[in-house]
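Chain residues, written in single-letter form:
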Amino acid sequence: MSDADLGATAPASRAPVDRYARWTGVTTGALAACWLATLDHGDGVLYGIPAFGLCAVAGVLAGDRLTAPARGAVRTAGLAPRRVRDYVPLRTTWLLAVLAVALVALLTTAGAVASPDDLGRAGRQLTLTCDGMTETHSPWPGLYYGLPMLASLAVATGACGWSLRRIATRPGDEQSRRDRSLAIVAAWGIVVSTSLLGAAVTASASLLSLTCDGTLGAVSNVFLMPLAALSLTTTAWLLLTVCSPRAGRRRPTDRGARR
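Now for a quick tour of the structure.

What counts and how
- Residues numbered from 1 in each chain as written.
- Predicted model: local features only at pLDDT ≥ 70, side-chain atom pairs only at ≥ 80, totals over all residues.
- Heavy atoms only, no water.
- Helix = DSSP H or I, 4+ residues; strand = E, 2+ residues; numbered from the N terminus.
- Buried < 20%, exposed > 50% of the residue type's maximum accessible area, 1.4 Å probe, protein only.
- Contact = heavy atoms within 4.5 Å.
- Areas by Shrake-Rupley, 256 points an atom, 1.4 Å probe, with all protein chains shown as cover.
- Pairing = 2+ DSSP bridges.
- Phe/Tyr/Trp six-rings, centres within 6.5 Å; stacked < 30°, edge-to-face > 60°.
- Disulfide = S-S within 2.5 Å.
- Expected span 1.5 Å × (residues − 1).
- Bend = angle between axes of the 7 residues up to and from the residue.
- Polar contact = N/O pair within 3.5 Å; in protein donor to acceptor, adjacent residues only side chain to side chain.
- Salt bridge = Lys/Arg side-chain N within 4 Å of Asp/Glu carboxyl O.

Comments concerning the overall build of the chain
Then step 1. Looking only at helices and strands, one finds 7 helices and 5 strands in the chain.
Then step 2. When the elements of the chain are put in sequence order from the N terminus, they spell out β-α-α-β-α-β-β-β-α-α-α-α.
Then step 3. Looking at the chain as a whole, 47% of its 259 residues qualify as buried.
Then step 4. Here the contacts in the chain between residues at least 6 apart in sequence split such that 78% fall between residues at least 24 apart.
Then step 5. Per element, the accessible surface of the chain, about 12900 Å² overall, is 67% carbon and sulfur.

A closer look at the sheet that holds strand β5 (residues 133-137)
Then step 1. The strand order across the open sheet formed by 3 strands is β3-β4-β5, and the pairing between neighbours is antiparallel. One side of each edge strand has no neighbouring strand; the edge strands of this open sheet are β3 (114-115) and β5.
Then step 2. As judged from the 5 bridges shared by strand β4 (residues 125-130) and β5, these two strands associate in the antiparallel manner. The partner of threonine 129 across the bridge, within β5, is threonine 134.

Here's the deal with the pairing of β4
Then step 1. Sheet topology places β3 next to β4; 2 bridges connect them, and they run antiparallel. Across the sheet, residue alanine 114 finds its bridge partner in β4, namely leucine 126.
Then step 2. Hairpin connection from β4 to β5: 2 residues lie between these consecutive antiparallel strands, with aspartate 131 at a positive phi of about 50°.

Considering the packing of aromatic side chains
Then step 1. Taken as a whole and judged by the stated rule, the model has 3 aromatic pairs.
Then step 2. A ring pair is formed by tyrosine 47 and tyrosine 145, whose centres lie 5.4 Å apart and whose planes are at 50°; its orientation type is tilted. Here tyrosine 145 lies in helix α4 (residues 143-169) and tyrosine 47 lies in helix α2 (residues 45-66), a separation of 98 residues in the sequence.
Then step 3. Tyrosine 145 sits in the buried class, given a relative accessible area of 0%.

With respect to the state of the cysteines
Then step 1. All chains considered together, the criterion is met by 1 disulfide.
Then step 2. At a sulfur-sulfur separation of 2.0 Å, the disulfide partner of cysteine 130 is cysteine 212. On the S-S bond that ties cysteine 130 to cysteine 212, the torsion sits near -70°, and the link is left-handed. Of this pair, cysteine 130 sits in strand β4 while cysteine 212 sits in the loop between α5 (174-209) and α6 (214-243), and the two are 82 residues apart along the sequence.

Brief notes about α6
Then step 1. Along its 30 residues, α6 runs 43 Å from first to last C-alpha, staying within 8% of the 44 Å computed at 1.5 Å per residue.
Then step 2. The largest bend in α6 is about 25°, located at asparagine 221.
Then step 3. Along α6, the positions that sit buried rather than exposed are Gly217, Asn221, Leu224, Leu227, Ala228, Ser231, Thr234, Thr235, Leu238, Thr241, Val242 and Cys243.
Then step 4. Buried residues along α6 sit in contact with α1 (16-37), α2, α3 (90-113) and α5.

Some thoughts on the environment of serine 209
Then step 1. Structurally, the position occupied by serine 209 is in helix α5.
Then step 2. You can call serine 209 partly exposed: its relative accessible area is 43%.
Then step 3. Along the primary structure serine 209 and histidine 137 are separated by 72 residues, whereas in three dimensions their C-alpha atoms are 7.3 Å apart.
Then step 4. A polar side-chain atom of serine 209 sits 3.4 Å from a polar atom in the side chain of histidine 137.

Thoughts on the side chain of threonine 202
Then step 1. Position of threonine 202 among the secondary structure elements: in helix α5.
Then step 2. Judged by relative accessible area, threonine 202 falls into the buried class, the value being 13%.
Then step 3. Only 2.7 Å separates the side chain of threonine 202 from the backbone oxygen of glycine 198, close enough to count as a polar contact.

With respect to the pattern of salt bridges
Then step 1. For the structure shown, the criterion picks out 4 salt bridges.
Then step 2. The residue aspartate 18 makes a salt bridge to arginine 22 at a minimum N-O spacing of 3.3 Å. A residue pair is termed a helical-turn pair when its members lie 3 or 4 positions apart in one helix, as aspartate 18 and arginine 22 do in helix α1 at 4 residues.
Then step 3. By relative accessible area, which is 0% here, aspartate 18 ends up buried.

This is the structure in structure tokens:
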């Protein structure tokens, strides 16, 4: 790329406003999730989960937007174009991509077998019939809950994709670009992992509550339970990444250089 890089005296993500914006996003998301969870007799938790993820994404994007690139001596840059894939963490991105595919597959499958509830709301409960007996259970992650989850995933993907491109092309130091790209990918991953966690736990709970699920239900839980555990672990790790940015953890050499 032909524009000049600005040598940074410190990575931009160390700025307090960045850290405060991330914490504000996570806190707002937690409050929104708690409020939504009380709606519809507690079933609103499936709305609160993607809302939490979107607020976390908004906090990271706001921090990136409000923090100007660190400035220092002007250096020349190479002519090679900067690409988003040069800065995103590949292993983390691939893991989250697999979880995103699993989320879409789970919501699609759940939507295909869902049925309307007693109020006629489509895709809200699971109905099974066996031995002349009909059983129902809700909430079920059908289209009633699945469409908002997919919409939040689409919004987060678009916003994070735009932000990654902006980070790759704007002036700044290489380490700062990588640190910010990691935070953006982690924020997107929170939407993916929390949504998958909610969908997997809800689907598993419904299947365990019914006796007509048979072998199919038992096989489904073999996949749903590990998927929920993986999503929970991934969510905790991603939250740590967002709330404690790597560039914000000053190394001993950094502290020594400032003395």
